[in-house]
Amino acid sequence: MRAYLEICKKSFQERMAYRGELLIRFVGIFMSFYLLYMFWKALYANSTDVQGISFHSMITYTIMSAIMGGIINIFGILNVYLAYWMSSRVRTGEIVMDMMKPTDFQLYLFSHSFGRLLFNVIVSVPIFILAIFIFKIYLPDSLGVLALFAVSLSMSYLLTFLIDFMVSLVSFWTTQNQGVGGFTRLIIALLSGSFIPLWFFPDWARNVLSYFPFASIYHVPLSIYIGKIKSIEGLYAISLQIIWIGVLFAGSRLLWLKSRRKLMTHGG
Amino acid sequence: MQVIKIEDLYKTFKTYKRKKGFVGSIQTLFTKEYITVNAVDGVSFGINEGEIIGYVGPNGAGKSTTIKMLTGILYPTSGVIEVCGLIPTKDRKRNLMHIGVVFGQRTQLWWDLPLIESFELLRHIYRVPEKIYRDNIALFAELLDIDEFINTPVRLLSLGQRMRGDIAASLLHNPDILYLDEPTIGLDVVVKERIRQFIKEINIERKTTVILTTHDLSDIEALCNRIMIIDHGKVIYDGSIDEIRRRFGTESTLLIEFKEPPDQLEVDGALEIQLEGIRASIKFDRKRFTASDLISEIAGKYPVLDLTIEDISLDGIIRDVYEEGKLHESVS
């Protein structure tokens, strides 16, 4: 276990090595927040309330969604970190160096990813505080809701990691996984409620989507945060997240065992 | 004691047949023609504890593929591999615990962090006891001077420093077997010599078995007593360096400088004669003629000013062996 903790620490330190570019990232993030703000302002121009959601709640949802994405390693729809990383490691053959460690490969990657997560959380704090002042996003109603949100967010992270891990394994079969990666990003962006909350979807679509793991990534924690999903309903949604984590974990182990045999590396 | 046993090892890759050019690349999308490549084609050998083996062969001969199978990363298509009694793909973690690997063209060090951080991490991954870890760091500082750059981020190291770091990293956990895949690639003579001395030292002190893949045959001459030559996935030679010299290195060259340029040079027993002004180079087979025979014959006919004898280098021998290997294949 100690080894994995150390990997996590090193991964965190590695992120710290490039803190210089953070400032530029901050500017970019707030520009995207502003765009999202203007977008929803235009849509809410003629009403104060859509589907029972106030403009204020909507902005909170949207900006929290963007902050969340930064935390769980999905930056907008542009970058799913692990899949991208793995694809380039497999293509160049560098992956050999990672597989050559006497560790569990998935846990090795998870520790790596978790180190980044910690870094992201720290970076997100000032972003969050600034967003409260600039865009007037609000805090959850009670500490209980905040705790529930935190649990749900952790589950989102695990789900994202597992999906990302499985997508990244595609590169063991095809060398490139950009196609699958792009497709997954699009699916997550559209069906998870990261941009457009699921309550804007038709009833049937919302019902179907709420059973998919994608909705568990964004829709569940964010709905808990703004108070759209309350206590018991929230616990129910979190248990669905946990079920999905179990299913995807089993699936990813199986896929890993199969993928290992598929690796082809040439040269060096 | 045999630490590595390989019997009848095969590794076949299947790849799409790719056509050339722009139109070809579009055609490739719609066809499903496979080519199978026999990267390792029926290899068998055994390696004893404490040996240093030179594993050589031209690019794409199957050297790295063999090593990757020995580490358990690649699955053999068929055949038996045992490393210290373990099957690498089945006992992946246990096997990896007692081997060290350096791929000269890659690094296992964390690019953005100081070298020491990578060492610290490896200490935990391999569960190296504190004392052994500290002794090793001290040893590597003494023999490889890693203390000079141990606090520098890896991305700022020179190639020679990085390679020394990588070799040290692979030996932190006192592995029984060390796989070195082109550890001296692109290094200057001083660093090369450093690394050779170090490998020798480790081999003697710890009885570490070393498998060395390289294109630099001076590495092999300096370190190995046994050499295996692989080409097109097959072992075409396995034996001592002395033996290979005896068998293939019988060609010598006599370089002569004359007082005045001879109009014509005729030497009985020469394989090849090149004459340029007052200088001539004459190739001959040492099995059939001695150098003194040749010299007395030439000196009798022409006025000689100076002469030297050059033996064929190991490079030349290996080149001949590669070519002979290809010859075998085109016949069979």
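Criteria and cut-off values
- Residues numbered from 1 in each chain as written.
- Chains lettered and ligands numbered in written order.
- Predicted model: local features only at pLDDT ≥ 70, side-chain atom pairs only at ≥ 80, totals over all residues.
- Helix = DSSP H or I, 4+ residues; strand = E, 2+ residues; numbered from the N terminus.
- Rg over C-alpha atoms; globule rule 2.2 N^0.38 Å.
- Buried ≥ 20, exposed ≤ 12 C-beta atoms within 10 Å, placed from the backbone.
- Contact = placed C-beta atoms within 7 Å.
- Domains from an automatic or database assignment.
- Core = buried A, V, L, I, M, F, W, Y, C linked by C-beta atoms within 7 Å.
- Nonpolar A, V, L, I, M, F, W, Y, C, P; charged D, E, K, R; others polar.
- Axes fitted to C-alpha atoms, helices over the stretch in contact; angles between N-to-C directions.
- Parallel < 35°, antiparallel > 145°, perpendicular 65-115°, else oblique.
- Left-handed = near helix turned anticlockwise from the far one by under 90°.
- Pairing = 2+ DSSP bridges.

Asks: Would you mind showing me how to read the overall build of chain A here?
Replies: Counting secondary structure elements, chain A contains 12 helices and 4 strands. For 268 residues, the compact-globule estimate of 2.2 N^0.38 gives 18 Å, and chain A sits close to it at 19 Å. In terms of overall dimensions, chain A has a C-alpha envelope of 65 × 45 × 35 Å along the principal axes. Split into buried and exposed, the 268 residues of chain A put 35% on the buried side. Taking the intrachain contacts of chain A between residues at least 6 apart in sequence as the baseline, contacts between residues at least 24 apart amount to 78%.

Asks: In this structure, what is going on with the overall build of chain B? I would like to understand it.
Replies: Looking only at helices and strands, chain B features 11 helices and 13 strands. The dimensions of chain B, computed from C-alpha atoms along their principal axes, are 75 × 55 × 45 Å. Per-residue burial over chain B gives 36% buried out of 332 residues. Taking as baseline every contact in chain B between residues at least 6 positions apart, the subset at least 24 positions apart corresponds to 71%.

Asks: Looking at this model, I keep getting lost on the domain arrangement of chain B. Mind explaining?
Replies: How big an interface is tends to be expressed through the accessible area that disappears when the partners come together. You can read the domains of chain B as domain 1 (2–245) and domain 2 (250–311). One C-alpha centre belongs to domain 1 of chain B, the other to domain 2 of chain B; they are set 44 Å apart.

Asks: How should the nonpolar core be read in this particular structure?
Replies: Within soluble globular proteins, side chains that are nonpolar generally end up buried alongside one another. Counting residues in hydrophobic clusters, the biggest one holds 128 residues, and the most contacted among them are Ile53(B), Ala168(B), Tyr179(B), Leu212(B), Met228(B) and Ile229(B). Per-element accounting of this core gives the leading share, 15 residues, to helix α7 (residues 143–174) of chain A. Setting aside its immediate chain neighbours within four residues, Ala168(B) contacts Phe140(B), Leu144(B) and Ile146(B). Listed in part, the 7 residues of the second largest apolar core include Ile256(B), Phe284(B), Leu294(B) and Ile298(B).

Asks: How should I be thinking about the interface of chain B and chain A in this particular structure?
Replies: Contacts between the two partners involve 24 residues from chain B and, on the opposite side, 21 residues from chain A. When contributions to the side of chain B that touches chain A are tallied by element, the ones reaching two or more residues are α2 (63–71), α3 (92–97), β5 (99–103) and α4 (115–125) of chain B. It is α4(B) that provides the largest number of residues to the side of chain B that touches chain A, a total of 4 residues. For the side of chain B that touches chain A, the per-class residue count stands at 13 nonpolar, 5 polar and 6 charged.

Asks: Sorry, what's going on with the packing of helix α1 (residues 2–16) of chain A against helix α6 (residues 105–135) of chain A here?
Replies: Helix packing geometry: the angle between the two helix axes and the distance between the axes. Residues and elements named next belong to chain A. Packing of α1 against α6 brings their axes to within 7 Å, and their N-to-C directions diverge by 45°. In terms of axis orientation, α1 runs oblique to α6. In terms of crossing hand, the pair formed by α1 and α6 is right-handed. Within the contact between the two elements, α1 uses Tyr4, Ile7, Cys8, Lys9, Lys10, Ser11, Phe12, Arg15 and Met16 and α6 uses Leu107, Tyr108, Ser111, His112, Phe114, Gly115, Arg116, Leu118 and Phe119. Of the residues in the contact of α1 with α6, the class split is 10 nonpolar, 4 polar and 4 charged.

Asks: I would appreciate a short explanation of the environment of Val191(B) in the present structure.
Replies: Here Val191(B) shows up in helix α7 (residues 189–206). Spatially, the C-alpha atom of Val191(B) lies 9.0 Å from that of Leu144(B), the residues being 47 residues apart in sequence.

Asks: Is there a simple way to think about the sheet that holds strand β11 (residues 270–276) of chain B in this case?
Replies: Pairing between the strands of a sheet is mediated by backbone hydrogen bonds and can be parallel or antiparallel. Residues and elements named next belong to chain B. Spatially, the 4 strands line up as an open sheet ordered β11-β12-β10-β13, and their pairing is antiparallel. Each end of this open sheet is capped by a strand with a single partner; those strands are β11 and β13 (304–311). Direction aside, the axes of adjacent strands within the sheet are offset by 15° on average. Pairing between strand β10 (residues 251–258) and β13: 7 bridges, direction antiparallel. Along β13, the bridge assignment pairs Leu254 with Ile309.

Asks: How do you make sense of the sheet that holds strand β9 (residues 234–240) of chain B when you look at a structure like this?
Replies: Residue and element names in this part refer to chain B. Spatial strand order, β5-β6-β7-β3-β8-β9: 6 strands in an open sheet with mixed pairing. Looking at which strands have only one partner, the edges of the open sheet turn out to be β5 and β9. Between one strand axis and the next, the sheet turns through 15° on average, direction left out of account. Bridging between strand β3 (residues 52–56) and strand β8 (residues 226–231) involves 4 bridges; their strand directions are parallel. Across the sheet, Val56 pairs through a bridge with Ile229, a residue of β8. Those strands touched by α2 are β3, β5, β6 (177–181), β7 (209–213) and β8, and its axis lies near 150° from that of β6.

Asks: Explanation requested: the pairing of β11(B) in the structure shown.
Replies: Moving residue by residue along a regular strand, the side chains alternate between the two faces of the sheet. All names here are of chain B. Strand direction decides the pairing type here: β11 and strand β12 (residues 279–285), joined by 6 bridges, are antiparallel. Considered in β12, the bridge of Glu272 is made with Lys283. A loop of 2 residues connects β11 with β12, the two strands running antiparallel in sequence, and Gly277 in this loop sits at a positive phi of about 60°.

Asks: Would you mind going over unusual backbone geometry with me for this structure?
Replies: All names here are of chain B. Even without being a glycine, Asn174 presents a positive backbone phi close to 45°. In this structure, Asn174 sits in the loop between α6 (159–171) and β6. The phi dihedral of Lys207 falls on the positive side, at around 60°, and the residue is not glycine. Following the sequence through the fold, Lys207 ends up in the loop between α7 and β7.

Asks: Looking at this model, I keep getting lost on α2(B). Mind explaining?
Replies: Think of an α-helix as turning once every 3.6 residues; residues three or four places apart then point the same way. Residue and element names in this part refer to chain B. In terms of residue burial, α2 counts as a mostly covered element, since 9 of its 9 residues are buried. Of the residues making up α2, those classed as buried are Lys63, Ser64, Thr65, Thr66, Ile67, Lys68, Met69, Leu70 and Thr71. At the C-terminal side of α2, Gly72 shows a positive phi close to 90°.

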